[in-house]
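Residue-level listing of the chains:
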Amino acid sequence: MPSPWTRFLVAFLCALVLTPVARALAQRLGAIDQPDGKRKIHERPVPLFGGVAVYLSLVVGLWVTTGGIFAAGDELTRLSSVIVVVAGMVCLIGCIDDLWDLPARFKLLLQIAASSIVVLAGYWVDRVVVFGYPIELGYLGIPLTIAWLVGCINALNLLDGMDGLASVVGLTTAIMMALVATISGYPHVAMIALVLAGALAGFLVFNLPPASIYLGDSGSMVIGLVAGILGVQASLKTTATLSITAPAVIMSIPMLDIVLAVVRRKLSGQRFDTADRGHIHHRLLDRGLSNWQALCLIGALCLLMGTAATASTIFHSDALAWITALTLVALMFITRLFGHHELSLVKLTVAQMLAARVGRWAAAHRSSGVVTRRSSLASEPFERVWSQLVDELRHFRVERIELRLDQPHAPSILRHIWRTGTSGENTAITTSPPTELQGRIAGEAVRAETARAMRQWNLAMGFATEAGGRCQIAVSGPESTQPEPVDMLLLSSQLKLYGQHWALQPDDIPWPGAPVGVRPAQVPGSKAA
């Protein structure tokens, strides 16, 4: 049987050969990631389909590892067969998404279906062990195993937003899982993890900054799926009994990112599948780190988490891994590297809940006052309401206020921005899909803006309009002037009042270039006219 280094080397060489082929295929089929100057700030279009090269390299590596037989037999061939089939399905789903952008909910259903095949093949747990205490799951282990696999798929998928990031995280995870599997007495799992590591190492040659090809969904989802399967299989105490510490700690950075993304979007009034610039790599880039610096820092964090999980396996101490993981997460929060914005949103939400419970009687009276005040706002022109909002928010030392309206019938997004120190308190601009040159210029503007906006607090609230659009109002200011929780509660109440007012009457917001008093529905050429 080939040695571990032979398996690694075969997958590595396959990735070196197949990645340029996948890049050429992506260019031919039009699977190109275009920069948009917002979330995607790379300077030029980059081909996708890197995941195809990684998947095929994984298949070839497993074929060599198992002697060329994918059939029900020993544990290695059985597990390899399941991984090849299910990862192939996920890779195909990712390729289709790279080409045509599948709806998020439909893609999630396909991910659940693929993960269910793993369970049907018998790879699920009915018992977990936490700090030495077993917890019987029974058939509840089936949906929990599926949730774990789907979570791993999306954790790597969401993390794939910077050159080399998902590949480095996947490579680090695979190596650590190989160590854990070897220590736990599962050499067949370690073999598969080494093959995955070799495929990712070969792909990284082309994916490191500046990347000439991206994984795409076809790659990030495959890595997440295989890492999820290996994490479970490498940490089994007995058949179908899982020690949850090692896989959870090894995957803690990607999982933390996806959990905070859900929290951030939920508490700010956005859909859970809405793309944003709040992921860990975005936060690090916004703080002025280069792509290489952010990549090395995240890779080091994943390596530390994996080392803690490996040490806990060696010394049979779950506490060692969890203490290390929680300490690193706390340091990220304290140093404001990542998570402080979501923590502020959580504190604000908790403060609102406590205020609602303690002051029911006051809240009832205040609500009637709000209705009365909102009705009074309805009779005022936009310019007067906007000026009133600006005056009221000066008390909170707000530096920037942004009102964003996105209506189905409108050809563009309307924004009204006010910033302290500017001569005009009310400016309006529209945005449209950028050309490639405009995308590069916008990218430079975004980088300059994010550099200026470093170390700032911000608060955003979104409201749905009757026409199916969305009205969002956001404020920000220097970190040194961040309001206290009580003031933040009052500030959110003000934003809610005005945000709901404009969500109920979006036509009151004037369009750029329109005569004073003319509403969007009256602008010639608009669909609502």
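Everything that follows concerns the structure shown earlier in this document.
Residues numbered from 1 in each chain as written. Predicted model: local features only at pLDDT ≥ 70, side-chain atom pairs only at ≥ 80, totals over all residues. Heavy atoms only, no water.

Participant: Can you help me understand the nonpolar core in this one?
Facilitator: Generally speaking, a soluble globular protein has its nonpolar side chains buried in company with each other. Ranked by internal contacts, the top residues of the largest apolar core, which has 108 residues, are I83, V226, L230, M251, I253, I280 and I298. The greatest single-element share of this core, amounting to 14 residues, is contributed by helix 7 (residues 187–207). In contact with I83, not counting residues within four places along its chain, are L58, L62, G88, I192, V226, I229 and L230. Core analysis: the second largest hydrophobic core is formed by 30 residues, L377, M461, F463 and L491 among them. (Core = buried A, V, L, I, M, F, W, Y, C linked by side-chain atoms within 4.5 Å. Buried < 20%, exposed > 50% of the residue type's maximum accessible area, 1.4 Å probe, protein only. Helix = DSSP H or I, 4+ residues; strand = E, 2+ residues; numbered from the N terminus. Contact = heavy atoms within 4.5 Å.)

Participant: For this particular structure, what's the right way to read the packing of aromatic side chains?
Facilitator: Two aromatic rings are characterised by how far apart their centres lie and by the angle between their planes. Counted according to the given criterion, the structure contains six aromatic pairs. Their ring planes at 20° and their centres at 6.2 Å tell us that W124 and Y139 sit as a pair that is stacked. Linking W124 in the loop between helix 4 (104–120) and strand 3 (127–130) with Y139 in the loop between strand 4 (133–136) and helix 5 (141–159), this pair joins segments that are 15 residues apart in sequence. Taken together, F382, W386, Y498 and W502 form an aromatic cluster joined through their ring pairs. (Phe/Tyr/Trp six-rings, centres within 6.5 Å; stacked < 30°, edge-to-face > 60°.)

Participant: I would appreciate a short explanation of helix 6 (residues 165–184) in the present structure.
Facilitator: Here helix 6 spans 28 Å end to end across 20 residues, near enough to the 28 Å set by a 1.5 Å rise per residue. Among the 20 residues that make up helix 6, 15 are buried, leaving the element largely enclosed by the rest of the structure. One or two steps after helix 6, the chain reaches G185, where phi turns positive at roughly 90°. (Expected span 1.5 Å × (residues − 1).)

Participant: What am I meant to see in the pattern of salt bridges here?
Facilitator: A pair can form between side chains of opposite charge whenever their charged atoms are brought close. In total, this model carries eight salt bridges according to the counting rule given. Put simply, R384 and E380 hold a salt bridge, and the shortest N to O gap is 3.5 Å. Its relative accessible area of 54% is what places R384 among the exposed residues. Its relative accessible area of 26% is what places E380 among the partly exposed residues. Notably, a salt bridge pairs R404 with E402, separated by 2.7 Å at the nearest N-O pair. Residue classification places R404 among the partly exposed residues on the basis of a relative accessible area of 25%. The class for E402 is buried, based on a relative accessible area of 10%. By sharing partners, the salt bridges in this structure join D97, K107 and D217 into a single network. (Salt bridge = Lys/Arg side-chain N within 4 Å of Asp/Glu carboxyl O.)

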